[in-house]
Amino acid sequence: MSYDVIVLGGGPGGYIAAERAGHAGLKTVLIEKRALGGTCLNEGCIPSKVLLNSSKIYHYATPYGALYGVHAQAPSVDQPAVIARKRKVIHTLVSGVGAAMKANHVEVVNAEGTILGRSGTAIQVGAGGKTYEGTYLIIATGSKASVPPIPGVKEGLASGFVMTNLEALELEALPKRMVVIGGGVIGLELAAYYGVVGCAVEVVEMLPKIAGPIDGEISALLQKGYEKDGMKFHLNAKVVRVDADGVVYEKDGREEKIVCEKVLLAIGRRPVADTCGVEKLNIAVERGAICVDECCRTNAVNVFAVGDCNGKSMLAHSAYRMGEVAVNTILGRKDRMRYKAIPSVLYTNPEVACVGMTEEQAKEAGMDAVSVKLPMAYAGRYVAENENGVGIAKFVFDRKYRTLVGAHVMSNYSSEFIVACGIMIEQEMTIDAIREIVYPHPSVSEIIREAAFAVSL
Ligand code: FAD
Ligand code: NAI
């Protein structure tokens, strides 16, 4: 069977590539071994946000509703109902991807695909006992949770005591005590759910701060908020062992043990690059990720790699864009990946949304950078909706070109307006142009306007 394009993997990178290729009239087959939607729809972005939405509703009911004059009688979380809703949402969205494939004439094969090699110029991929031949191949095999060689982790995973995101998003019974290994995005988002709905959560993080590369002040504020909700943090603490009943970490040269019912392992994800036969086409892989250029081309002729498998930016929206760049390149349209204005969001309560550089990063890059820090209370809607809110926003500007180069905001709804800052950065809008923008009032996005007039450039 011959195709213009074979797509391997049906997550955000793969399904968008297939959809765009099909839409452009290319004969396309998408090979997915599990479910359309990949990690994002089935065990990542979407399910975690379904859970987080339930914890936000619960949070408002208790203890915060009273701050707004609303009193709820003994609210409780029905964990099986939360998980059932999560499954319903996944079903809706996965069905939507299936419909999009159909609408764009993409053939979907539900089987594991393996690269077999080339026959002439055609690339051959085996799946479900059949051989598919394509002029182009787009690899979009995603990533999986890193499992460190820490004693006890493998045994814990086998017994179900240790969970990755997969199991943590499927728990039907709320554990009483949970240890989260890794205070990065997955650890914090899932801690924001479990720690609010009634589970005692302790986070063990080996770095001196949580939330990885985000602004240090925002990270500290976020941690304070979590602690107010009863969560505990052990920073500069490295997990050295997992026992059958708890986690042992080392801090300041001493070992401590936290006894718990469940452990969430969230120490990073690694690209899936070594299980689909890349060696058959001599595709270069470095530090576990498929090497690509700015058009997502690998070193092998007509072979692309998009999304998490190339390790460039392990986010669903980056995967979408990479899928589009790959297809545009196949179609001969000029396009390339640019990474300087890709937003990242922590969907905690409050959310943290960032795009571009922090002041330190801008200075390290040699810029004459200046930043403006404002309390979110400068935005009327924020005050109306956040009693005792401690949210802040930081905007980083380049003095030389009078442009915005970074925005870092801790406030709910920041995920919805950070893209505006991304556009300003990507389009290199000058401060004069930014000052002419009209924002809806009242909205938390007005903080951008406040910053634009607060900075002198
Ligand atoms: P994936 O979504 O991993 O899809 C790859 C697909 O390829 C899988 O379906 C897999 O079954 C299939 N596959 C692999 N090998 C083969 C093979 N040989 N044959 C056939 N099929 C194969 N990102 C965000 O931007 N926002 C978020 O809020 C967010 N939340 C997340 C929460 C969690 C808990 C996790 C784990 C991740 C989250 N992410 C989030 C990251 C996001 O899920 C990934 O960046 C995104 O899914 C990457 O898309 P992808 O298409 O590259 O890979
Ligand atoms: P991460 O890289 O964000 O965080 C892992 C954390 O674990 C780091 O802070 C690291 O210092 C710590 N760590 C590593 N080894 C440790 C040890 N032995 N003991 C204690 N701490 C240790 O990785 P995470 O949270 O697993 O997420 C993986 C990826 O998934 C993210 O990088 C992101 O690309 C994606 N993601 C995105 C989300 C979003 O956009 N909202 C949400 C969830 C995941």
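Residues numbered from 1 in each chain as written. Chains lettered and ligands numbered in written order. Predicted model: local features only at pLDDT ≥ 70, side-chain atom pairs only at ≥ 80, totals over all residues. Heavy atoms only, no water.

J.: Can you help me understand the nonpolar core in this one?
T.: Note on soluble globular proteins: their nonpolar side chains tend to be buried together. Counting residues in hydrophobic clusters, the biggest one holds 39 residues, and the most contacted among them are Met 178 and Val 201. Ranked by residue count, the leading element in this core is helix H7 (residues 185–194), at 6 residues. Once residues lying within four places of it in the same chain are set aside, the contact partners of Met 178 are Met 163, Leu 171, Tyr 194, Cys 199, Ala 200, Val 201, Glu 202, Cys 260, Lys 262 and Leu 264. By size, the runner-up hydrophobic cluster in this structure holds 31 residues, among which are Val 7, Ile 90, Ile 138 and Val 306. (Core = buried A, V, L, I, M, F, W, Y, C linked by side-chain atoms within 4.5 Å. Buried < 20%, exposed > 50% of the residue type's maximum accessible area, 1.4 Å probe, protein only. Helix = DSSP H or I, 4+ residues; strand = E, 2+ residues; numbered from the N terminus. Contact = heavy atoms within 4.5 Å.)

J.: Is there a simple way to explain the site of ligand 1 in this structure?
T.: In the vicinity of ligand 1 there are 39 residues, among which Glu 32, Thr 39, Lys 49, Gly 113 and Asp 308 approach most closely. Backbone polar atom of Gly 13 to an oxygen atom of ligand 1: 2.9 Å apart, as the coordinates give it. Interatomic distance of 3.5 Å between a side-chain N/O atom of Arg 34 and an oxygen atom of ligand 1. The fraction of the free accessible surface of ligand 1 (990 Å²) that becomes covered by protein chains is 95%. Only helix H1 (12–23), strand S2 (28–32), helix H2 (38–43), helix H3 (45–64) and helix H9 (316–330) provide two or more residues apiece to the shell around ligand 1. With 4 residues, the top contributor of residues to the shell around ligand 1 is H2. (Near = heavy atom within 4 Å. Polar contact = N/O pair within 3.5 Å; in protein donor to acceptor, adjacent residues only side chain to side chain. Areas by Shrake-Rupley, 256 points an atom, 1.4 Å probe, with all protein chains shown as cover.)

J.: Hey, could you run me through the sheet that holds strand S20 (residues 344–346) in this one?
T.: The strands that make up a sheet are held in pairs by hydrogen bonds between backbone atoms, and each pair lies either parallel or antiparallel. If you walk across this open sheet you meet the 5 strands as S20-S21-S24-S23-S22, and the pairing is antiparallel. The open sheet has two free edges, formed respectively by S20 and strand S22 (369–375), since each of these has just one partner strand. Across the sheet, the mean angle separating the axes of adjacent strands is 15° when strand polarity is ignored. Bridge analysis of S20 against strand S21 (residues 352–356) gives 3 bridges, and the strand direction is antiparallel. Looking at the pairing, Leu 346 lines up with Val 352 of S21. In the packing of helix H8 (residues 216–228) onto the sheet, contacts are made with S20, S21, S22, strand S23 (392–398) and strand S24 (403–410), and the angle to S24 comes to roughly 10°. (Pairing = 2+ DSSP bridges. Axes fitted to C-alpha atoms, helices over the stretch in contact; angles between N-to-C directions.)

J.: Looking at this structure, I do not really get the pattern of salt bridges. What am I missing?
T.: Any two side chains of opposite charge can pair if their charged atoms end up close together. Counting across every chain of the model gives 26 salt bridges. Among the salt bridges present, the one from Arg 20 reaches Glu 324, with a minimum N-O distance of 2.8 Å. Taken together, the residues Arg 20 in helix H1 and Glu 324 in helix H9 connect sequence positions 304 residues apart. For Glu 172, the salt bridge is made with Arg 87, and the minimal N-O distance between the two is 3.1 Å. You can see Glu 172 sitting in the loop between helix H6 (165–168) and strand S9 (177–181) and its partner Arg 87 sitting in helix H4 (residues 79–103), a full 85 residues away along the chain. A network of salt bridges, in which partner residues are shared, links Glu 19, Arg 20, Arg 321, Glu 324 and Asp 335. (Salt bridge = Lys/Arg side-chain N within 4 Å of Asp/Glu carboxyl O.)

J.: Looking at this model, I keep getting lost on the layout of surface pockets. Mind explaining?
T.: One water molecule sets the probe size; rolling that probe over the atoms shows where empty space is left. One number sums up the size of the second largest pocket: a volume of about 660 Å³. Forming the walls of the second largest pocket are 31 residues, and the residues nearest its centre are Tyr 64, Lys 228, Asn 349, Pro 350 and Val 390. Among the secondary structure elements, those contributing two or more residues to the lining of the second largest pocket are H3, H8 and helix H11 (380–385). Here the lining of the second largest pocket takes 6 residues from H8, the largest share from any one element. (1 Å grid on protein atoms, 1.4 Å probe; cavity = no way out; pocket = protein on both sides within 12 Å on 5 of 7 lines; lining within 4 Å. Points joined across faces, edges and corners; volume = space filled by probe spheres on them.)

J.: Help me out: how do you make sense of the site of ligand 2 in this one?
T.: As a matter of local geometry, ligand 2 sits amid 22 residues, with Ile 186, Glu 189, Glu 205, Met 314 and Val 345 nearest to it. At a separation of 3.2 Å, a nitrogen atom of ligand 2 approaches a polar backbone atom of Met 206. For the shell around ligand 2, the element with the highest residue contribution is H7, accounting for 4 residues. Across the shell around ligand 2, the residue classes break down as 15 nonpolar, 4 polar and 3 charged. (Nonpolar A, V, L, I, M, F, W, Y, C, P; charged D, E, K, R; others polar.)

J.: Can you help me understand the domain arrangement of the chain in this one?
T.: Often, the extent of an interface is quoted as the loss of accessible area upon association of its parts. What the domain assignment lists for the chain is domain 1 (2–145 + 270–330), domain 2 (153–266) and domain 3 (344–454). Distance from the C-alpha centre of domain 1 to the C-alpha centre of domain 2: 27 Å. Residue-level contacts link 20 residues of domain 1 with 18 residues of domain 2. Counting each side, the surface lost to burial between domain 1 and domain 2 is near 1700 Å², with a carbon and sulfur contribution of 57%. For the pair domain 1 and domain 2, the interface holds 4 salt bridges. Of all the elements in the fold, those that place two or more residues in the side of domain 1 that touches domain 2 are H3 and H4. Considering every element that reaches the side of domain 1 that touches domain 2, the biggest residue donor is H3, with 10 residues. For the side of domain 1 that touches domain 2, the class distribution of residues is 10 nonpolar, 6 polar and 4 charged. (Domains from an automatic or database assignment. Buried area = accessible area lost by both parts, 1.4 Å probe.)

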